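Spelled out from the first residue to the last, the chains are:
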Amino acid sequence: MAEAYDPGNIFAKILRGEIPSHRVYEDDAVVAFMDVMPQGTGHTLVVPKAPSRNMLDADPATFGPLFTVVQKVAVAVKKAFNADGVTIMQFNEPASGQTVYHLHVHVVPRFEGVPLKPHSGQMEKPEVLAENAGKIRAALAG
Ligand code: 5GP
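Residues numbered from 1 in each chain as written. Predicted model: local features only at pLDDT ≥ 70, side-chain atom pairs only at ≥ 80, totals over all residues. Heavy atoms only, no water.

- The name given to the protein chain in an unreviewed UniProt entry is HIT family protein, and the organism recorded there is Mesorhizobium atlanticum.

### Considerations on the packing of aromatic side chains
Here is step 1: For the structure on display, the rule yields one aromatic pair.
Here is step 2: For the pair F11 and F33, a centre-to-centre distance of 5.4 Å together with 75° between the ring planes defines the contact as edge-to-face. Taken together, the residues span a long stretch of sequence, with F11 in helix α1 (residues 10-15) and F33 in strand β2 (residues 30-34) at a distance of 22 residues. In this pair, the class of F11 matches that of F33, namely buried. (Phe/Tyr/Trp six-rings, centres within 6.5 Å; stacked < 30°, edge-to-face > 60°. Helix = DSSP H or I, 4+ residues; strand = E, 2+ residues; numbered from the N terminus. Buried < 20%, exposed > 50% of the residue type's maximum accessible area, 1.4 Å probe, protein only.)

### Things to note about the layout of surface pockets
The gaps left among the atoms become clear once a water-sized probe is rolled over them.
Here is step 1: By volume, the largest pocket is sized at about 440 Å³.
Here is step 2: Around the largest pocket, the lining comprises 27 residues; the ones closest to its centre are F11, D35, V36, M37 and L45.
Here is step 3: The set of elements that each furnish at least two residues to the lining of the largest pocket consists of α1, β2 and α3 (126-140).
Here is step 4: The element that contributes the greatest number of residues to the lining of the largest pocket is α1, accounting for three residues.
Here is step 5: Of the residues belonging to the lining of the largest pocket, the class tally is 14 nonpolar, eleven polar and two charged. (1 Å grid on protein atoms, 1.4 Å probe; cavity = no way out; pocket = protein on both sides within 12 Å on 5 of 7 lines; lining within 4 Å. Points joined across faces, edges and corners; volume = space filled by probe spheres on them. Nonpolar A, V, L, I, M, F, W, Y, C, P; charged D, E, K, R; others polar.)

### Quick notes on the pairing of strand β3 (residues 44-48)
Here is step 1: Counting buried positions over the five residues of β3 gives five, a clear majority of the element.
Here is step 2: Taking every second residue as pointing to the same face, both faces of β3 are buried, with T44, V46 and P48 on one and L45 and V47 on the other.
Here is step 3: Across five bridges, β2 lies against β3 in antiparallel orientation. Among the inter-strand pairings, A32 is bridged to a residue of β3, identified as V46. (Pairing = 2+ DSSP bridges.)

### A word on the side chain of Q90
Here is step 1: By the secondary structure assignment, Q90 is in the loop between β4 (85-89) and β5 (105-110).
Here is step 2: A polar side-chain atom of Q90 sits 2.8 Å from a polar atom in the side chain of N92.
Here is step 3: Once residues lying within four places of it in the same chain are set aside, the contact partners of Q90 are N54, M55, L103, H104 and V105. (Polar contact = N/O pair within 3.5 Å; in protein donor to acceptor, adjacent residues only side chain to side chain. Contact = heavy atoms within 4.5 Å.)

### Brief notes about the sheet that holds β3
Here is step 1: The sheet built from five strands is open, its strands ordered β1-β2-β3-β5-β4 with antiparallel pairing. The sheet is open, and its two edges are formed by β1 (23-26) and β4, each paired on a single side. Each neighbouring strand pair of the sheet contributes to a mean axis angle of 20°, computed without reference to strand direction.
Here is step 2: Seen against the sheet, α3 touches β1, β2 and β3 and runs at an angle of roughly 35° to β1. (Axes fitted to C-alpha atoms, helices over the stretch in contact; angles between N-to-C directions.)

Take a look at the structure:
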């Protein structure tokens, strides 16, 4: 049986504003912010406000608004960093690599010949995350 959603998870705390994040986007249903251990420059997480562990227990009504924002953010990061492509990733339960148990989608700008860094690897400097968030917000603004 699937484990229950834990409202104490780190993304629930970020959504409630209890811990800081570098936000690039927010609407009624979805928030997007910088991943603190980016697998590439501009690695952004897109997170629905509705609570679920992952895709397996989510209300299907979550996916329309969520993936609408995933597309917006993917287009914005490609523009913001002049990327060659964008990798979209999403993990479900520990065996898949999931480490934070609130549904989220990874959006990672990609550059020809540059491999992804390890998942949940090294912490990025806050000033770099802030600068990259500013570039993405500017690209989202048009
Ligand atoms: P998962 O493995 O669950 O798909 O991805 C969780 C992601 O959250 C990882 O890429 C990790 O770097 C990121 N992460 C972990 N803790 C924090 C945090 O406190 N703030 C932010 N912004 N990202 C986090």
